[in-house]
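Take a look at the letters that make up each chain.
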Amino acid sequence: MGHIILAGFMATGKTEVGRRLAQRLGRAFVDTDALVEADAGSTVASIFAAEGEAAFRARERAAVERACGMLDAVIAIGGGALLDAENRRRLTAAGAVVCLTATPQEILRRVGNAASRPLLRGPGNRLERIRTLMAERAPVYALATHTVDTTGLSVDQITDRVRSLVADR
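Residues numbered from 1 in each chain as written. Predicted model: local features only at pLDDT ≥ 70, side-chain atom pairs only at ≥ 80, totals over all residues. Heavy atoms only, no water.

Trainee: Got a minute to help me understand helix α4 (residues 53-68) in this structure?
Mentor: Because each turn of an α-helix spans 3.6 residues, side chains separated by three or four positions in sequence point in the same direction. The terminal C-alpha atoms of α4 lie 22 Å apart, and with 16 residues this matches the ideal 22 Å at 1.5 Å per residue to within 8%. Within α4, burial applies to Phe56, Arg57, Glu60, Ala63, Val64, Ala67 and Cys68. One side of α4 holds all its buried residues, which, seen down the axis, span an arc of 125°. (Helix = DSSP H or I, 4+ residues; strand = E, 2+ residues; numbered from the N terminus. Expected span 1.5 Å × (residues − 1). Buried < 20%, exposed > 50% of the residue type's maximum accessible area, 1.4 Å probe, protein only. Arc of directions from axis to C-beta.)

In structure tokens:
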């Protein structure tokens, strides 16, 4: 069988779709950000603020390794997890990687005030920051087995599309 891994930029629906897909398939659901938070006893945003991005990425690498060690789960990974070569290798070997996408405008609408999104904090135009980050990550997102544009779709519609792509998993 193998894992079903949901990748993609922030606010594309990885966690909600992952929960729903796991429920429909009768599989465990694992969110690597939740693993990091549980292990650290702190939120992702707090980890970024107190320890920096490099420390968060090290924690994320350990969470990806742990998730991949589970049996046939639906795994939602953080938006930047695929930037790490070790994570990419481990995740692509573990199962189908489905990249969820959305337009920058849709992402901005979904993140709202972005208080919990450390990479969108700070001065400057958040829409431009989203565009820049998406462009930087596009090459690794393109390595996914499948891609689903979530713009304008409900969680159920996205879940149905993902499920049809990975039906044989």
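Trainee: Would you take a moment to explain the pattern of salt bridges for this structure?
Mentor: Pairing between side chains of opposite charge can happen when the charged atoms of each approach one another. Within the structure shown, the criterion is met by 14 salt bridges. Its salt-bridge partner being Arg57, residue Glu53 comes within 3.1 Å of it at the nearest N-O pair. Highlighted residues: Glu53 and Arg57, both in helix α4, separated by four residues, approximately one helical turn. For Glu53, a relative accessible area of 36% gives the class partly exposed. On the accessibility criterion, Arg57 (14% relative accessible area) is buried. Close ionic contact of Arg90 with Glu65 constitutes a salt bridge, the shortest N to O distance being 3.9 Å. One end of the pair, Arg90, is in helix α5 (residues 85-94); the other, Glu65, is in helix α4, and 25 residues separate them in sequence. Residue class for Arg90 comes out buried when judged on its relative accessible area of 16%. A single network of salt bridges, built from pairs that share partners, joins Arg20, Arg24, Asp156 and Asp160. (Salt bridge = Lys/Arg side-chain N within 4 Å of Asp/Glu carboxyl O.)

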